[in-house]
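Residue strings, one per chain:
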Amino acid sequence: MYRFLLSRQWVILTLVCLVLMPIMVELGLWQMHRHESQARQNSAIARSLAAPSVPVEKLTAPRAEVPSQENFRTVTARGHYDPAHQVVVRHRTSSDGSTIGYYLVTPLVLDDGKAVLVNRGWIPAPQYGDGVSFPPVPGTPSGEVTITGRMRPDETTASTSIRDKSGLPPRQIMLINSSKLADSVSEPLLGGYIELTGTSPKPSADQPELVPAPTPGDSGGWYSPPHLAYAWQWWLFVVMIPVGWVILVRREVRDQRRTREKAAQSAAEPAEAPARA
């Protein structure tokens, strides 16, 4: 009854099922590892956001890397902006993700003579811009200011998946990276940068749109992080494969049984007598 399992098509189907099952197990484990990694990252971000603010120089120094556990930590800094050396970061989106524009990054010269890059926020690209000229930017607060913001490590292609292009127009960059901008600033430049959240005294003119704070764990009502759901989906597929195989086998057995029964019935029926003239 089950000799059909030795046919070419059933052997291939069975081998495909046997190959797919361990692959799906591995894919589920991969998603589980991503879930654990994302959960750890979300917890670290939440701890940093909740930690008390500290002066920026407690977390970084010239040519230093910002510790990963201090990413998004609230910092304060006091000094005056250096608009002559500010740059724009290309291809960045507004807070709602609907519009492409720039981040405006301005060095802040601290009272002790060092400097730190400050991402002052997002500005729209000119409606009829040529993509080469330096875009119109909001005015820079003058005089001494005290800022608060989130400490961020230098951006790299590995951390952002953004390719760092060469040959860009003057004062336009792809990544906020203090080591690459250190030579363009006369003061010693602290590693990393500050993502601005507030300025005192408050600027009177319009300013860039502040970069929104991260929302670790917020995924729009879906599983957070979503990789756990993906892992269970892959493992559910592993269970479904043998179940589906058994269903197909039983259907084939049933169809063959019906075929044999019909053949037997046809053989048992007497031949119909020929019609008389």
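Everything discussed here concerns the structure shown above.
The following refers to the structure shown. Just so it is clear, the model here is predicted, and its values are computed rather than measured. (Residues numbered from 1 in each chain as written. Predicted model: local features only at pLDDT ≥ 70, side-chain atom pairs only at ≥ 80, totals over all residues. Heavy atoms only, no water.)

### Structural notes on the pairing of strand S8 (residues 189-200)
Moving residue by residue along a regular strand, the side chains alternate between the two faces of the sheet. Bridge analysis of strand S5 (residues 115-124) against S8 gives four bridges, and the strand direction is parallel. Counterpart to Val118 in the pairing with S8 is Ile194. When strand S6 (residues 145-152) meets S8, the two strands line up antiparallel, connected through seven bridges. Bridge pairing links Arg152 to Tyr193 in S8. (Pairing = 2+ DSSP bridges. Helix = DSSP H or I, 4+ residues; strand = E, 2+ residues; numbered from the N terminus.)

### Regarding the packing of helix H1 (residues 8-50) against helix H4 (residues 227-268)
Interaxial distance between H1 and H4 falls to 6 Å at its minimum, and their mutual angle equals 165 degrees. Taken together, the axes of H1 and H4 are roughly antiparallel relative to one another. When you trace H1 past H4, the crossing you get is left-handed. (Axes fitted to C-alpha atoms, helices over the stretch in contact; angles between N-to-C directions. Parallel < 35°, antiparallel > 145°, perpendicular 65-115°, else oblique. Left-handed = near helix turned anticlockwise from the far one by under 90°.)

### Considering the layout of surface pockets
Looking at the largest pocket, its volume works out to about 410 Å³. Lining the largest pocket are 15 residues, with Gln41, Asn71, Phe72, Arg152 and Pro153 positioned closest to its centre. Secondary structure elements with two or more residues in the lining of the largest pocket: H1 and helix H2 (157-160). Tallied by class, residues from the lining of the largest pocket come to five nonpolar, seven polar and three charged. Taken as a whole, the second largest pocket holds about 230 Å³ of empty space. Looking at the second largest pocket, it is lined by 17 residues, and the ones nearest its centre are Tyr103, Arg152, Glu195, Val211 and Pro212. (1 Å grid on protein atoms, 1.4 Å probe; cavity = no way out; pocket = protein on both sides within 12 Å on 5 of 7 lines; lining within 4 Å. Points joined across faces, edges and corners; volume = space filled by probe spheres on them. Nonpolar A, V, L, I, M, F, W, Y, C, P; charged D, E, K, R; others polar.)

### Examining the pattern of salt bridges
Charged atoms that come close allow side chains of opposite charge to pair. Evaluation of the coordinates by the stated rule reveals ten salt bridges. Glu57 is the salt-bridge partner of Lys114, the closest N and O atoms lying 3.4 Å from each other. A residue pair is termed long-range when its members are at least 10 positions apart, and Lys114 in the loop between strand S4 (100-110) and S5 and Glu57 in the loop between strand S1 (54-55) and strand S2 (74-81) qualify at 57 residues. For Glu57, a relative accessible area of 35% puts it in the partly exposed group. (Salt bridge = Lys/Arg side-chain N within 4 Å of Asp/Glu carboxyl O. Buried < 20%, exposed > 50% of the residue type's maximum accessible area, 1.4 Å probe, protein only.)

### Concerning the nonpolar core
Of all hydrophobic cores here, the largest spans 17 residues; its most connected members are Val56, Leu108, Val116, Val118, Ile147 and Ile194. Those elements giving two or more residues to this core turn out to be S2, S4, S5, S6 and S8. Discounting chain neighbours no more than four positions away, the residues touching Val56 are Val75, Thr76, Ala77, Leu110, Val116, Met151, Leu190 and Ile194. The next biggest cluster of nonpolar side chains, apart from the first, holds 15 residues, and it includes Leu117, Trp122, Leu189 and Tyr193. (Core = buried A, V, L, I, M, F, W, Y, C linked by side-chain atoms within 4.5 Å. Contact = heavy atoms within 4.5 Å.)

### Digging into H4
An ideal rise of 1.5 Å per residue puts 62 Å on 42 residues; H4 measures up with 61 Å between its terminal C-alpha atoms. Residues of H4 that are buried: His227, Ala229, Ala231, Val238, Ile241, Val249 and Val253. (Expected span 1.5 Å × (residues − 1).)

### Some thoughts on a positive patch on the surface
The grouping of Arg250, Arg251, Arg254, Arg257, Arg258, Arg260 and Lys262 at the surface amounts to a positive patch. Take Lys262: it is sitting in helix H4. Given a relative accessible area of 60%, Lys262 falls into the exposed group. (Patch = residues over 30% accessible without salt bridge, like charges linked within 9 Å, V, L, I, M, F, W, Y side chains within 5 Å. Areas by Shrake-Rupley, 256 points an atom, 1.4 Å probe, with all protein chains shown as cover. Lys, Arg positive; Asp, Glu negative; His and termini not counted. Charge placed at Lys NZ, Arg CZ, Asp CG, Glu CD.)

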